[in-house]
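Here's the letter readout for the chains.
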Number of protein chains: 2
Amino acid sequence: MSQKHLSRGSRLPPFPKGKLRLYSMRFCPYAQRVHLVLDAKRIPYEVVNVDLTEKPDWLYEKSPFGKVPAIELESGDTLYESLIICDFLDEKYPSRSLYSRDPLKKAKDKIMIDHFNKVIQSMLKVYYHTANSNLNEDQLEEFFQGLDLYERELVERGKSFFGGDRPGMLDYMIWPWCERSDMMKVLGGDQFLLPKDRFKRLMEWRNQMKEDDAVKESYLEPQVHAKYFQSRKAGYPDYDMLVGN
Amino acid sequence: MSQKHLSRGSRLPPFPKGKLRLYSMRFCPYAQRVHLVLDAKRIPYEVVNVDLTEKPDWLYEKSPFGKVPAIELESGDTLYESLIICDFLDEKYPSRSLYSRDPLKKAKDKIMIDHFNKVIQSMLKVYYHTANSNLNEDQLEEFFQGLDLYERELVERGKSFFGGDRPGMLDYMIWPWCERSDMMKVLGGDQFLLPKDRFKRLMEWRNQMKEDDAVKESYLEPQVHAKYFQSRKAGYPDYDMLVGN
């Protein structure tokens, strides 16, 4: 999944038989959501990585707004929007269902996934300020307050994962940002570690997630994420940083 | 559904047996989505209208951010976020399914629902400017361009409704804003009518939607919506405008 990102003027490879295709970008957390679901459900797929700065023309035929992630089926049908794609995959390939069968529990997980957008926003603010050595304590606290809800929920559910004994949709949908949360430490030093006492269960959860087979497929170390982040912040996102590694 | 909106200091009525409860506001388009689904599926429910300026304390027990719509079940469980509630209702009460059984068609409808957020945003800009007699032609065009997609889609599907011969989830999720689209004319005059030739199928669709039983339950005339809009714009939303009518 770390192959070269195709850019403007590139040719789209022929469609792979018996698979579906994921248009992705190696460091995009939204695209990673789809990787996680495909890997968790063991759905055969091919990855086409896309240069998001110099987008190939054919990308707009697959994803009307030129966004990744997008998937393409053998029928030629395409879908975009990470959550819609993931829900589609869960319904279309019911092998390992990632939601509870109980519609109420499923809806509650969707609320937790939706609410995580706020955590993402406050996390991004913290990253940008940390990288500028210019942290605002209130912003860090806002980010932590967003996470408090997930800590409480894990305690209440009393299981290893939000999904129970195995990760479910909620686990996978929030994971890409949790994988990146130690970027703060890399960018700003030890003072930016998540407070261990406040997020005890979330820390345990993160360690257990790292052992999950689907997570292992796409996992990158915080140092790697931080390096990509710095390149993007400088205006030259190094999409192909891992090519040939 | 047009009863008085309960405000700060009010007492919450006892929970109705054998029903679910919808916390709503008579003029909220997001809340109307949930009304439409409840009415289309003939699910018994009680409405509690809420004053969103002077919110009752108990609202936060039902909806953590004090937002409507929210629903409460007999079990005491609550849900918020209009789309999550509507999907939940569709799964929990499968009598009349509002989505296609085909996961791909369902996902495509969800993309159209998600994309409608952009139409809503450009529509709101047009309303505010129209009400200030200060219309920007580019904004009007942006709004129309958003609608073009829905016109094309209706033509392609070749049926009365997005859902086929009866309205489905996509029809109901975009309806509240389409019901309000003639507010432009009320606020700004005939020059703000939707161009008939450009939106021929959408106009026919709108007329057919008005004949739908679920739509009739909550339908209000554009003049009424415009009157509420003006009161809100002036800073004194007249929630109880229809009480006793």
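Conventions used here
Residues numbered from 1 in each chain as written. Chains lettered and ligands numbered in written order. Predicted model: local features only at pLDDT ≥ 70, side-chain atom pairs only at ≥ 80, totals over all residues. Heavy atoms only, no water. UniProt positions renumbered as here; feature names shortened; annotations may be inferred. Phe/Tyr/Trp six-rings, centres within 6.5 Å; stacked < 30°, edge-to-face > 60°. Helix = DSSP H or I, 4+ residues; strand = E, 2+ residues; numbered from the N terminus. Buried < 20%, exposed > 50% of the residue type's maximum accessible area, 1.4 Å probe, protein only. Domains from an automatic or database assignment. Salt bridge = Lys/Arg side-chain N within 4 Å of Asp/Glu carboxyl O. Polar contact = N/O pair within 3.5 Å; in protein donor to acceptor, adjacent residues only side chain to side chain. Nonpolar A, V, L, I, M, F, W, Y, C, P; charged D, E, K, R; others polar. Contact = heavy atoms within 4.5 Å. Buried area = accessible area lost by both parts, 1.4 Å probe. Expected span 1.5 Å × (residues − 1).

- The name given to chain A in an unreviewed UniProt entry is GSTO1, with Locusta migratoria as the source organism.
- Of the comments in the UniProt record for chain A, the one headed Sequence similarities (unreviewed entry) reads "Belongs to the GST superfamily. Omega family."

**Let's talk about the packing of aromatic side chains**
Item 1. Going through the model one piece at a time under the given rule, you end up with 26 aromatic pairs over all chains.
Item 2. Their ring planes at 75° and their centres at 5.9 Å tell us that Tyr127(A) and Phe229(A) sit as a pair that is edge-to-face. Taken as a pair, Tyr127(A) in helix α4 (residues 103-131) and Phe229(A) in helix α10 (residues 222-233) lie far apart in primary sequence, 102 residues in all. When sorted by exposure, Tyr127(A) lands in the same class as Phe229(A), which is buried.
Item 3. Pairing Tyr23(B) with Trp58(B) gives two aromatic rings, centres 6.2 Å apart and planes at 45°, and the pair type is tilted. With Tyr23(B) in strand β1 (residues 20-24) and Trp58(B) in the loop between β2 (45-49) and α2 (59-62), this pair connects stretches of sequence that are 35 residues apart.
Item 4. According to the relative accessible area criterion, Tyr23(B) is buried, its value standing at 0%.
Item 5. Of the residues examined, Trp58(B) reaches a relative accessible area of 9% and is grouped as buried.

**A closer look at the domain arrangement of chain A**
All names here are of chain A.
Item 1. For chain A, the assigned domains read domain 1 (20-92) and domain 2 (103-233).
Item 2. At the boundary of domain 1 with domain 2, the tally comes to 0 salt bridges.
Item 3. The tally of links between domain 1 and domain 2 comes to 6 residue pairs in polar contact (both at pLDDT 80 or more).
Item 4. Looking at the side of domain 1 that touches domain 2, the elements that each hand over two or more residues are α1 (29-40) and α3 (82-92).
Item 5. Looking at side-chain class alone, the side of domain 1 that touches domain 2 contains 10 nonpolar, 1 polar and 7 charged residues.

**Examining the interface of chain B and chain A**
Item 1. Taken together, the 22 residues of chain B in the interface contact 22 residues of chain A.
Item 2. Carbon and sulfur atoms supply 67% of the area that chain B and chain A bury against each other, a total of about 2100 Å² over both sides.
Item 3. Sorting the residues of chain B by area buried against chain A places Ile84(B), Leu104(B) and Ile111(B) first, and these three jointly supply 26% of that buried surface.
Item 4. The interface formed by chain B and chain A contains 6 salt bridges.
Item 5. Between Lys106(B) and Glu91(A) there is a salt bridge, with the nearest N and O atoms lying 2.8 Å from each other.
Item 6. Residue contributions to the side of chain B that touches chain A peak at 10 residues, all from helix α4 (residues 103-131) of chain B.
Item 7. A breakdown of the residues in the side of chain B that touches chain A according to their chemical character gives 10 nonpolar, 2 polar and 10 charged.

**Structural notes on the UniProt feature "domain: GST N-terminal" (unreviewed entry) in chain A**
Item 1. According to UniProt, the "domain: GST N-terminal" (unreviewed entry) feature falls on residues 18-97 of chain A.
Item 2. The straight-line gap between the two end C-alpha atoms of residues 18-97 of chain A is 22 Å; of that span, 34% is helix and 20% is strand.

**Some thoughts on helix α10 (residues 222-233) of chain B**
Residues and elements named next belong to chain B.
Item 1. The first and last C-alpha atoms of α10 sit 16 Å apart over 12 residues, in line with the 16 Å expected at 1.5 Å per residue.
Item 2. Taken as a whole, α10 has its buried residues at Pro222, His225, Ala226, Tyr228, Phe229 and Ser231.
Item 3. Phi turns positive one or two residues past the end of α10, at Gly235, with a value near 95°.

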